[in-house]
Amino acid sequence: MIAAAFGFIMWLAKVEIDREFDRYTIYFDGSVSGLSAAGEVRYNGVPVGTVQTIAIDPKNPGRIKVDIEVASSTPIKEDSVAVLEMQGITGVSYVQLSGGSPESAALTKKTGEERAVIASKPSQIDELFSGAPELINRVINLVTEATQVFNEANRKAIGDILANVEEVSGTVADRSESINQILSDATKMSSEIRKAAESTNKLLSSLG
């Protein structure tokens, strides 16, 4: 019973005796909201380890130092990159590892480092929010320019143009019968000119 209870406790705590782990450090710029100790670490979406500790970097208060532990079989290379991703809409974050081309060398600890450091980059959400102020400024400039185009003077000019077009349209509509008569007369005149030309051709032919 004691052995069974001990085995159950080991299983519950996810203790894996036969599995080897490697430990790495990641420095994130800015907030790591949603990430917690024992949080998940994934490699291209596959769970490979957990977050060990989260602390403010004493050398740079603007950075957050995150220590992780991953299975030693995880291919962490020199070109591997860590990104903080959000899991669904729960607000819980996890560390996503990617990169690691076959020709790249395995990541090793540099001189003066406690652990090998995996490079990090902002997530797509961070990039979106970082670009939001510039987008807002562009929208404001666009609205300002549109306001200048449709100022009082331009609105009056557009109104005058529309009024003139309406007046011309009304005049044409009122004189539609006259216009139709002119077109009809022009058609008759064209027919008469064609007949006269034919007669002239016949006369010239006879004279010849």
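Anything mentioned here points back to the structure above.
Here the residue numbering is sequential within each chain, running from 1 through the sequence in written order. Under the rules for a predicted model, residues below a pLDDT of 70 receive no local features and side-chain atom pairs below 80 are neither given nor counted, while totals for whole chains, interfaces and linings still include all residues. Side-chain metrics in this entry use all non-hydrogen atoms of the structure; hydrogen atoms and water are not considered.

Enquirer: Run through the overall build of the protein chain, naming residues and quoting values.
Expert: Only DSSP runs of H or I reaching four residues or more are called helices, and only runs of E reaching two or more are called strands; each is numbered from the N terminus. Within the protein chain, the regular secondary structure consists of 5 helices and 7 strands. The linear arrangement of helices and strands in the protein chain, starting from the amino end, is α-β-β-β-β-β-β-β-α-α-α-α. Here the term buried applies to any residue with accessible area under 20% of the maximum for its type, exposed to any over 50%, and partly exposed to those in between, with areas from a 1.4 Å probe on protein chains only. Residues counted as buried form 19% of the 208 residues belonging to the protein chain. Should any heavy atoms of two residues lie within 4.5 Å, those residues are counted as being in contact. Across the protein chain, the fraction of contacts at a sequence separation of at least 24, relative to all contacts at a separation of at least 6, is 61%. Per-residue accessibility takes into account occlusion by the displayed protein chains alone, with areas from the Shrake-Rupley method and a 1.4 Å probe. Looking at the protein chain as shown, the accessible area adds up to about 15400 Å², and 60% of this sits on carbon and sulfur atoms.

Enquirer: Let's hear about the sheet that holds strand 4 (residues 63-71): which residues, and what values?
Expert: One bridge is not enough; two strands pair if DSSP finds at least two bridges between them. Pairing within the closed barrel is mixed, and its 7 strands lie in the order 1-4-3-2-6-5-7. On average, each strand axis in the sheet is inclined to that of its neighbour by 40 degrees, with strand direction left out of account. Taken together, the 2 bridges between strand 5 (residues 81-86) and strand 7 (residues 116-120) define a ladder with parallel strand orientation. Looking at strand 7, one finds that Ala-82 is bridged to Ser-120. Structural elements are reduced to axes, namely lines fitted to C-alpha atoms, with helices fitted over the stretch in contact, and the angle between N-to-C directions of any two is expressed from 0 to 180 degrees.

Enquirer: An account of the side chain of Asp-57 is requested, with residue identities and associated values reported.
Expert: If you trace the backbone, Asp-57 turns up in the loop between strand 3 (46-56) and strand 4. For Asp-57, a relative accessible area of 3% puts it in the buried group. Within polar-contact distance, the side chain of Asp-57 engages the side chain of Arg-63 at 2.7 Å. Excluding anything up to four places from it in sequence, Asp-57 contacts Tyr-27, Arg-63, Ile-64 and Lys-65. Side-chain atoms alone can form a polar contact between residues adjacent in sequence; in general such a contact is a pair of N or O atoms within 3.5 Å, and within protein one must be able to donate a hydrogen while the other accepts it.

Enquirer: Lay out helix 5 (residues 176-207) in plain terms, naming residues and giving numbers.
Expert: Multiply 1.5 Å by the residue count of a helix minus one, and that product is the helix's expected span. In a regular helix each residue adds 1.5 Å, so 32 residues correspond to 46 Å; helix 5 covers 46 Å between its end C-alpha atoms and thus fits that length. Here helix 5 lies mainly on the outside; 0 of its 32 residues are buried.

Enquirer: How would you summarise the nonpolar core if you had to cite specific residues and measurements?
Expert: By size, the foremost hydrophobic cluster in this structure holds 21 residues, and its most contacted members are Ile-68, Val-95, Leu-97 and Ile-118. Among the elements of the structure, strand 1 (21-29), strand 2 (40-43), strand 3, strand 4, strand 5, strand 6 (93-98) and strand 7 are those that each provide at least two residues to this core. The element that contributes the greatest number of residues to this core is strand 4, accounting for 4 residues. Apart from residues no more than four positions distant in its own chain, Leu-97 is found in contact with Ile-26, Val-41, Arg-42, Tyr-43, Asn-44, Ile-68, Val-70, Ile-76, Val-81, Ala-82 and Ile-118. Buried Ala, Val, Leu, Ile, Met, Phe, Trp, Tyr and Cys residues that are joined via side-chain atoms within 4.5 Å together make up what is termed a nonpolar core.

Enquirer: Just give me the short version of the pairing of strand 5, but keep the residues and values in it.
Expert: As judged from the 6 bridges shared by strand 5 and strand 6, these two strands associate in the antiparallel manner. For Val-81, the partnering residue across the bridge sits in strand 6 and is Ser-98. Linking two consecutive strands that pair antiparallel, namely strand 5 and strand 6, is a turn of 6 residues; a positive phi of about 65 degrees is found at Gly-88 within it.

Enquirer: I'd love a proper account of the environment of Val-92, names of residues and values included.
Expert: The residue Val-92 is located in the loop between strand 5 and strand 6 in this model. Along the primary structure Val-92 and Ser-36 are separated by 56 residues, whereas in three dimensions their C-alpha atoms are 8.4 Å apart. In this structure Val-92 touches Gly-34, Glu-85, Met-86 and Gln-87, once residues within four positions along its chain are discounted.

Enquirer: So, the pattern of salt bridges: which residues are in play, and what are the values?
Expert: Salt bridge criterion: a side-chain nitrogen from Lys or Arg within 4 Å of a carboxyl oxygen from Asp or Glu. In this structure the tally under the stated criterion is 6 salt bridges. Of the charged contacts in the structure, one is a salt bridge between Arg-42 and Glu-40, with a shortest N-O distance of 3.0 Å. By relative accessible area, Arg-42 is classed as buried at 16%.

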